[in-house]
Amino acid sequence: MFLSFPSWTTDVTRLLYWAALSVPVSLLAGSATAFFLWSLDEVTKLHWQYPWLLWLLPVGGVIVGFLYHHLGEESDRGNNLLLDEIHQPSAGVPTIMCPLVLLGTLLTHLLGGSAGREGTAVQMGGSLADMLVRLLNVGRENRRLILMCGMAAGFGAVFGTPLTGAIFAMEVLVIGRVQYDAVIPVLIASVVGDATCSAWGIHHTDYHLDVAANWGSHAPLEALLLGKVVLAAIAFGFGSWFFSEATHSLQRVFARLVPYTPLRPAIGAVIVIALVYILGTRDYLGLGVEPPPGGHVSVITSFEEGGATPLSWLWKTIFTAVTLSSGFKGGEVTPLFFIGSTMGNALGHLMHEPVALFAALGFIAVFAGAANTPLASTVMGIELFGAHYAVYFAVACFVSYQFSGHTGIYLSQRIGISKMGREHVAGKTLRELKSVGPTKTDSIQ
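Quick caveat: nothing in here was measured; it's all calculated off a predicted structure. (Residues numbered from 1 in each chain as written. Predicted model: local features only at pLDDT ≥ 70, side-chain atom pairs only at ≥ 80, totals over all residues. Heavy atoms only, no water.)

## Some remarks on the overall build of the protein
Broken down by element type, the protein carries 16 helices and 2 strands. Taken over the C-alpha trace, the protein has a radius of gyration of 21 Å; the compact-globule value for 445 residues is 22 Å, and the two agree within 12%. With the principal axes as the frame, the protein shows a C-alpha extent of 85 × 60 × 50 Å. By the burial criterion, 58% of the 445 residues in the protein qualify as buried. Look at the contacts in the protein between residues 6 or more apart in sequence, and 76% of them connect residues 24 or more apart. Of the accessible surface of the protein, which amounts to about 18,200 Å², a share of 67% is contributed by carbon and sulfur atoms. Taking the average location of the 23 positive side-chain charges in the protein and that of its 28 negative ones, the two points are 10 Å from each other. (Helix = DSSP H or I, 4+ residues; strand = E, 2+ residues; numbered from the N terminus. Rg over C-alpha atoms; globule rule 2.2 N^0.38 Å. Buried < 20%, exposed > 50% of the residue type's maximum accessible area, 1.4 Å probe, protein only. Contact = heavy atoms within 4.5 Å. Areas by Shrake-Rupley, 256 points an atom, 1.4 Å probe, with all protein chains shown as cover. Lys, Arg positive; Asp, Glu negative; His and termini not counted. Charge placed at Lys NZ, Arg CZ, Asp CG, Glu CD.)

## So, the packing of aromatic side chains
Counting across every chain of the model gives 24 aromatic pairs. With 6.1 Å between their ring centres and 35° between their planes, Phe35 and Trp38 make a pair best called tilted. Of this pair, Phe35 and Trp38 both sit in helix H1 (residues 8–49), 3 residues apart, which is roughly one turn of that helix. The partly exposed category is assigned to Trp38, whose relative accessible area is 48%. (Phe/Tyr/Trp six-rings, centres within 6.5 Å; stacked < 30°, edge-to-face > 60°.)

## Examining unusual backbone geometry
Backbone geometry at His352 places phi at a positive 60°, although glycine is not the residue there. Among the structural elements, His352 can be located in the loop between helix H12 (333–351) and helix H13 (355–371). The residue Asn372 is not glycine, and still its phi comes out positive at about 55°. Structurally, Asn372 is set in the loop between H13 and helix H14 (374–385).

## Let's talk about the confidence of the model for the protein
Confidence in the prediction for the protein averages 89 pLDDT; 92% of positions are at 70 or higher. Counting contacts from residues 1–5, a segment whose pLDDT is below 50, to residues more than four positions away or on other chains yields 0 contacts. Scored below 50 in pLDDT, residues 436–445 shows 21 contacts in the model against residues more than four places distant or in partner chains. (pLDDT = per-residue confidence, 0-100.)

## A short note on helix H10 (residues 264–279)
The end-to-end C-alpha separation of H10 is 23 Å, in line with the 22 Å expected for 16 residues at 1.5 Å each. Buried within H10 are the following residues: Arg264, Pro265, Ala266, Gly268, Ala269, Val272, Ile273, Leu275 and Val276. Buried positions along H10 lie against helix H2 (57–71), helix H9 (223–257) and helix H11 (312–326). In the segment just after H10, Gly280 is the residue with positive phi, at about 75°. (Expected span 1.5 Å × (residues − 1).)

## Points about the environment of Cys98
Structurally, Cys98 is set in helix H4 (residues 97–110). Considered as a pair, Cys98 and Thr120 are 22 residues apart in the sequence and their alpha carbons are 8.1 Å apart.

## As for a nonpolar patch on the surface
A surface patch of nonpolar side chains, about 810 Å² in accessible area, is lined by Leu46, Tyr50, Trp52, Trp55, Leu56, Val59, Ile63 and Tyr277. Mapped onto the elements, Tyr277 comes out in helix H10. Assessed through its relative accessible area of 47%, Tyr277 is described here as partly exposed. (Patch = residues over 30% accessible without salt bridge, like charges linked within 9 Å, V, L, I, M, F, W, Y side chains within 5 Å. Salt bridge = Lys/Arg side-chain N within 4 Å of Asp/Glu carboxyl O.)

## Quick word on the packing of H9 against H11
The geometry of H9 relative to H11 is characterised by a closest axis approach of 8 Å and an angle of 35° between their N-to-C directions. Considering only the axes of H9 and H11, their crossing is right-handed. Touching Phe238, Phe242, Phe243, Ala246, Thr247, Leu250, Gln251 and Phe254 of H9 are Trp313, Leu314, Thr317, Thr320, Ala321, Val322, Ser325 and Ser326, all from H11. Its residues placed into classes, the contact of H9 with H11 shows 10 nonpolar, 6 polar and no charged. (Axes fitted to C-alpha atoms, helices over the stretch in contact; angles between N-to-C directions. Left-handed = near helix turned anticlockwise from the far one by under 90°. Nonpolar A, V, L, I, M, F, W, Y, C, P; charged D, E, K, R; others polar.)

## Observations regarding the pattern of salt bridges
Counted by the stated rule, this structure contains 10 salt bridges. Of the charged contacts in the structure, one is a salt bridge between Glu74 and Arg77, with a shortest N-O distance of 3.2 Å. Taking the relative accessible area as the measure of exposure, Arg77 reaches 33% and is therefore partly exposed. In this structure, the salt-bridge partner of Asp181 is Arg144, at a minimum N-O distance of 2.9 Å. Within this pair, whereas Asp181 is found in the loop between strand S1 (174–175) and helix H8 (183–199), its partner Arg144 is found in helix H6 (residues 140–159), the two being separated by 37 residues in sequence. By relative accessible area, Arg144 is classed as buried at 13%. Overlapping salt bridges bring together Glu85, Asp130, Arg134 and Arg143 as one network.

## Some words on the nonpolar core
Nonpolar side chains tend toward joint burial in soluble globular proteins. Judged by nonpolar contacts, the single largest core of 121 residues is most densely connected at Phe358, Leu361, Phe363, Met380 and Phe385. Beyond its immediate chain neighbours, meaning those up to four positions away, Leu361 contacts Val229, Phe236, Tyr392, Phe393 and Ala396. Residues Ile415, Val425, Leu430 and Leu433 belong to the second largest nonpolar core, which totals 7 residues. (Core = buried A, V, L, I, M, F, W, Y, C linked by side-chain atoms within 4.5 Å.)

## Considering the side chain of Ser190
The residue Ser190 is located in helix H8 in this model. The contacts of Ser190, once residues within four sequence positions are left out, are Ala152, Ala153, Gly156, Thr161, Pro162, Gly165 and Ala166.

## Structural notes on the side chain of Ser302
As for its placement among the helices and strands, Ser302 is situated in the loop between H10 and H11. Excluding anything up to four places from it in sequence, Ser302 contacts Gly307, Ser341, Thr342, Asn345, Val355 and Ala359.

## Regarding the packing of H10 against H11
For the pair H10 and H11, the least separation of the axes is 7 Å and the interaxial angle reads 160°. With respect to each other, H10 and H11 are oriented roughly antiparallel. When the axes of H10 and H11 are compared, the crossing they make is left-handed. Of H11, the residues touching H10 (which contributes Arg264, Pro265, Gly268, Ile271, Val272, Leu275, Val276 and Leu279) are Trp315, Ile318, Phe319, Val322, Thr323 and Ser326. (Parallel < 35°, antiparallel > 145°, perpendicular 65-115°, else oblique.)

Here it is as structure tokens:
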């Protein structure tokens, strides 16, 4: 009689194998993200301390543009390069992407550009992961999963949301499908990346959403409130669509009007400076998580009565679209949090509901629509705000995703399942849809 080993022995071997590959990636990405977040906090303080630095934004833009133009290779494609390399591996992710995006983002924030931080962390994680791939000489399929690990570790570490980081890396590649073949590697990577970042002493923003003390583990489902959440989510989907379309359209305008790449950020900087003085506020510069000295609007304030104006979301959209489309570096997600939370604040007032709740819904739902990641966004809501409103979080994120159309901040995303049931778009990237012009499936009717 022969002994047969149970199948779990193979699973344990695979788990150990992927731990051995993903942990080094996570340690590098988590440490790089920790350094980045510490540096970002320091340059933000410097900008607040010396407001005149805003006048140097055009100079900083030329420096960023020049470095990417002459040294960046394919780095200027950012997160889209990572997605393309995961879909169809080719030349790889240049190692220089890591220092370039770090320097470019810090300069952008030091001088007052309106940008985020997730793009930097994800690109650093992906670049470092690909560097390890070359050093370890792993196979093509393993390279794909290791790149996903780098993305997961960077995203999980930068926001302190390890579950979201893992799901984001699996969900962002193909619209409508989750890449579950990577579930173990990306989960290990995101958890270890976040733990590494925290071990360096980095503290993330603490968001607190008040709930009734007698509700127990979750808020009761109320038909009227649920209906209002659906209506708000449709608006959040429009906000996602508008941000993506504005950013991509302005990018094409800059490319057409300013052929020499390094000059584009300088032009964008002049527009940002002009907007600051036209509006008479610096609330829409930088990350926007906390208001600048003397400021009144931010992500934090949007959870309070009177913490945002009805058009705060629009101004942040314009500031960020100009900054990023002209060539400055950073990310889109944190500005999307600002846009969503301030839009939610306004809708909460309009619908006579708690502004804090609707700010939280907008915070995650606009991100869900713009990144086409409703599941990751729902989990982010639970990780950041608690599980009491989990059902409302899910409704807001999935409705926003549906109504954002076939657009998004990552043009290399492929369509796995059409949102509108149109099979002819399946398999295409968002970039390919742009190249053939808009269709009924690309816009919100």
